[in-house]
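# Residue-level structural notes
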Amino acid sequence: MENIASKLTQEQYEKNFKELHPPFSYGAALAEASRCLYCYDSPCMKACPTHIDISQFIKKISTDNLLGSAKTILKSNWVALTCAKACPVAVLCEGACVLNEKGDKPIEIGRLQRYVIDNYFAKEMPPLFTKKPSNGKSVAIIGSGPAGLSCSAELALLGYNVTVFESSDIPGGLNTWGIAPYKMRKEDALKEVELVKTFGVNVKTGVNVGIDILFNDLYKAFDAVFLGIGLGESRALSVNGEELSGVVSALDFIEQVKTEEWSSVAVGKRVAIIGAGNTSIDAATEAKRLGAEEVMVIYRRSSQDMSAYNFEFDLAKKDGIIFHFLTAPKKIVGKNFVEGIECIRMEPGEPDSKGKRRAFPVPGTEFVIPVDMVIKAIGQEAQNEFIASIPGVKFVNGMVEIKPDTYQTGNPKVFAGGDCINGGKEVVNAAYDGKMAAHGINNFLNN
Ligand code: SF4
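From a predicted model like this one, the values you see are computed outputs, not experimental measurements. (Residues numbered from 1 in each chain as written. Predicted model: local features only at pLDDT ≥ 70, side-chain atom pairs only at ≥ 80, totals over all residues. Heavy atoms only, no water.)

It is worth spelling out helix H2 (residues 26-35) at this point. Buried within H2 we find Ala29, Glu32 and Ala33. For H2, the buried positions fall inside an angular range of 100 degrees around the axis, keeping them on one side. Residues of H2 that are buried make contact with helix H4 (54-62) and helix H8 (109-122). (Buried < 20%, exposed > 50% of the residue type's maximum accessible area, 1.4 Å probe, protein only. Helix = DSSP H or I, 4+ residues; strand = E, 2+ residues; numbered from the N terminus. Arc of directions from axis to C-beta. Contact = heavy atoms within 4.5 Å.)

A word on the sheet that holds strand S7 (residues 294-298). Adjacent strands of a sheet pair through backbone hydrogen bonds, lying either parallel or antiparallel. What the five strands build is an open sheet, ordered S5-S13-S6-S7-S8; its pairing is parallel. The outermost strands of the open sheet, each flanked by one partner alone, are strand S5 (247-249) and strand S8 (322-324). For this sheet, the mean angle separating the axes of adjacent strands, direction not counted, is 25 degrees. Alignment of strand S6 (residues 270-274) against S7, held across five bridges, turns out to be parallel. Directly across from Ile273, in S7, lies its bridge partner Val297. Sheet strands touched by helix H13 (residues 250-259): S5 and strand S13 (373-376). Its angle to S5, the strand with the most contacts, is close to 80 degrees. (Pairing = 2+ DSSP bridges. Axes fitted to C-alpha atoms, helices over the stretch in contact; angles between N-to-C directions.)

Now for the domain arrangement of the chain. When the parts come together, some accessible area is lost, and that loss is often what is quoted as the size of the interface. What the domain assignment lists for the chain is domain 1 (19-122), domain 2 (138-232 + 382-445) and domain 3 (247-376). With centres defined by C-alpha atoms, the gap from domain 2 to domain 3 works out at 31 Å. Facing the 15 residues of domain 2 at the interface are 14 residues of domain 3. Summed over both partners, the interface of domain 2 with domain 3 comes to about 1,200 Å²; 57% of that surface belongs to carbon and sulfur atoms. Of all residues in domain 2, Trp177, Pro181 and Tyr182 give up the largest surface area on contact with domain 3, accounting jointly for 49% of the area buried on that side. Between Lys183 and Glu312 there is a salt bridge, with its nearest N and O atoms 2.8 Å apart. Connecting domain 2 to domain 3 are seven residue pairs in polar contact (both at pLDDT 80 or more). (Domains from an automatic or database assignment. Buried area = accessible area lost by both parts, 1.4 Å probe. Salt bridge = Lys/Arg side-chain N within 4 Å of Asp/Glu carboxyl O. Polar contact = N/O pair within 3.5 Å; in protein donor to acceptor, adjacent residues only side chain to side chain.)

Around the ligand, the surrounding shell consists of Cys36, Leu37, Cys39, Pro43, Cys44, Ser55, Cys97, Val98, Ile107 and Ile109. Looking at the shell around the ligand, its residues break down into nine nonpolar, one polar and no charged. (Near = heavy atom within 4 Å. Nonpolar A, V, L, I, M, F, W, Y, C, P; charged D, E, K, R; others polar.)

Now for the side chain of Asp372. Relative to the helices and strands, Asp372 is located in the loop between strand S12 (367-369) and S13. Of the side chains with opposite charge, Arg270 comes closest to the buried, unpaired Asp372, at an N-O distance of 6.1 Å. In terms of polar contacts, Asp372 uses its side chain to reach the backbone amide nitrogen of Lys269, at 2.8 Å. (Lys, Arg positive; Asp, Glu negative; His and termini not counted.)

In spatial order, the strands read S3-S2-S1-S4-S16; together these five strands make up an open sheet with parallel pairing. Strands with a single pairing partner mark the edges of an open sheet, and in this sheet they are strand S3 (202-205) and strand S16 (414-416). Across the sheet, the mean angle from the axis of one strand to that of its neighbour is 20 degrees, orientation sign disregarded. Pairing geometry for strand S1 (residues 138-142) and strand S4 (residues 224-227), over four bridges, is parallel. Note on S4: the bridge partner recorded for Val139 is Ala224.

This part is about the layout of surface pockets. Of the pockets and cavities examined, the second largest pocket occupies roughly 230 Å³. Lining the second largest pocket, in full, are Gln10, Glu14, Pro181, Arg185, Lys186, Glu187, Val257, Lys258, Thr259, Glu260, Glu261 and Trp262. When residues of the lining of the second largest pocket are traced back to their parent elements, those giving at least two are helix H1 (10-16), helix H11 (186-197) and H13. Partitioned by chemical class, the residues of the lining of the second largest pocket number three nonpolar, two polar and seven charged. Shared between two domains, the lining of the second largest pocket holds at least three residues of each, these being domain 2 (138-232 + 382-445) and domain 3 (247-376). (1 Å grid on protein atoms, 1.4 Å probe; cavity = no way out; pocket = protein on both sides within 12 Å on 5 of 7 lines; lining within 4 Å. Points joined across faces, edges and corners; volume = space filled by probe spheres on them.)

Turning our attention to the nonpolar core. It is characteristic of soluble globular proteins that their nonpolar side chains tend to be buried jointly. Phe57 and Leu227 are the most contacted members of the largest nonpolar core, which totals 91 residues. In terms of residue count, the dominant contributor to this core is helix H18 (residues 427-446) (eight residues). When residues are assigned to domains, this core turns out to be shared by domain 1 (19-122) and domain 2 (138-232 + 382-445), each giving three or more. With residues near it in sequence (within four places) discarded, Phe57 still touches Ile52, Ser69, Thr72, Ile73, Ile109, Leu112, Gln113 and Val116. Residues Ile273, Val297, Ile321 and Phe323 belong to the second largest nonpolar core, which totals 34 residues. (Core = buried A, V, L, I, M, F, W, Y, C linked by side-chain atoms within 4.5 Å.)

Pasting the structure below:
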C-alpha cells in the first residue's frame, strides 16, 4: 500500500476498539435478571440453536447461584462466552423474548450469560461436570473452532480419549481470530479452549492434517474422526488488478487486527470493502477504527439483498462507513499499488433461487473511485481438495454431506459439523453441531 493511514496513539486504539457491550456490574445483573418473567414455554430457549435453558440460568442469577447458572449454560453450550459476546442475539434469543411483544426492552440475555461465564472463568473453572471412566476408544478432531471444541468436550466427558489437531499455532479457530475485537478479545476464546482441556482433551496446535500428518494415518489410528475444518481460502474477485499491493482478504485483515499490535496493521487512507455480509462489515468498521479516513462498502445488489444483519449495518453507518449499493467492481486500478477501483452501476432483476434479486450491469456506467486499499469479503471457498481426499465423504453445493440426525458423512467413521456442513453460519450453530456429532459418534461406536 502506498498511502498508509497515519498511526493512532495506543489510547486512541483502545478507545476505538473498546467493547460494544461492557460487562454488567453485580447490581445491574441482578436488576436485569429480576425483569425476566421465567416463561414456562420460553421462546428465548427455542430461538437459541443450542437450546440453553435461559429462564433457568437467569433465575439462578437472581438467587446468587452463579456456578449453578454456569452449569445450566455450559451443559448446552461449551463456547458460551463466545456466544454471549458474538451471537446475533437480536435475531435469536433476545429477538424472541416475550417482552418485545409487550413493547418493553427484551432481557439482555447475552450480557447476563457473559456475566455468569465471566464469573466462572474468574473463579478458575471449578469442576461442574463429572467425567465418565475411560472407555478405551479414541476420536480425532480436526479443527479447534467452536464445532471441534464442542465435540471434544462432549466426547471427553463420555469417556473418550480425544485429540484435537489444529493447523494454526493458536487454537480456537474463528472464535480466536475471526471476531472483531470490540465484540470479543482473543483471550476469551482461549479460556474456552482451556476449559475443554480440563476434561483431558489433548489439543495439538501447528499440525496441518494432510501435510504434517496424513489423514489416512489418523483414520487408522483413531476409532472415529470429526471434521470441524470450517471453510477455506477467501473467494477471489477475479478482476484485473487483484494482484496489486494493497488488495487483501477480509479474513487475513481481521486476523491481523485480532492477533497483532494494532499499530503494526497496515490500513489505507481510503479503503473499499467488496461484499456486504457480516464479515465485510467487521472489516469496514475495523479499518475505520484503525484510522482509515474513508471506508466504503461496495455491493453489487441492493441494500435489501445484503446478508449483513440490520444491527451490523446500523453499526457501520454509525462508524461513518459509506455504502455503494448496486455497484460492482470491474477492475482494480494501479501500477504496483492500488490507486483506485473501477466500478459499474448495476440494476436489479428477478429474484434467484435464494430469493435474492439478480443484478445486471448497466453498459456505459463505469466510473473510478480513488482508493488505496481493497478488502475482498465475498465469502470463502470450501476445502474441496482436502474433502476429496477422504474416501466416501461427499460434497453437495460446496458443503460436506452428512446425515442430519447423526452428523455422519458418507464414510461411517467420519463425522462433520460447523461451517463445512452449513457453508458458514453462526458460532452457536457450530457449537450445536459439534455437540450433536459427539452423540452421533458415541452411538456409532457403541453399536
Ligand atoms: Fe425471560 Fe424473555 Fe426468556 Fe421469557 S422470553 S424467559 S422474559 S428472557
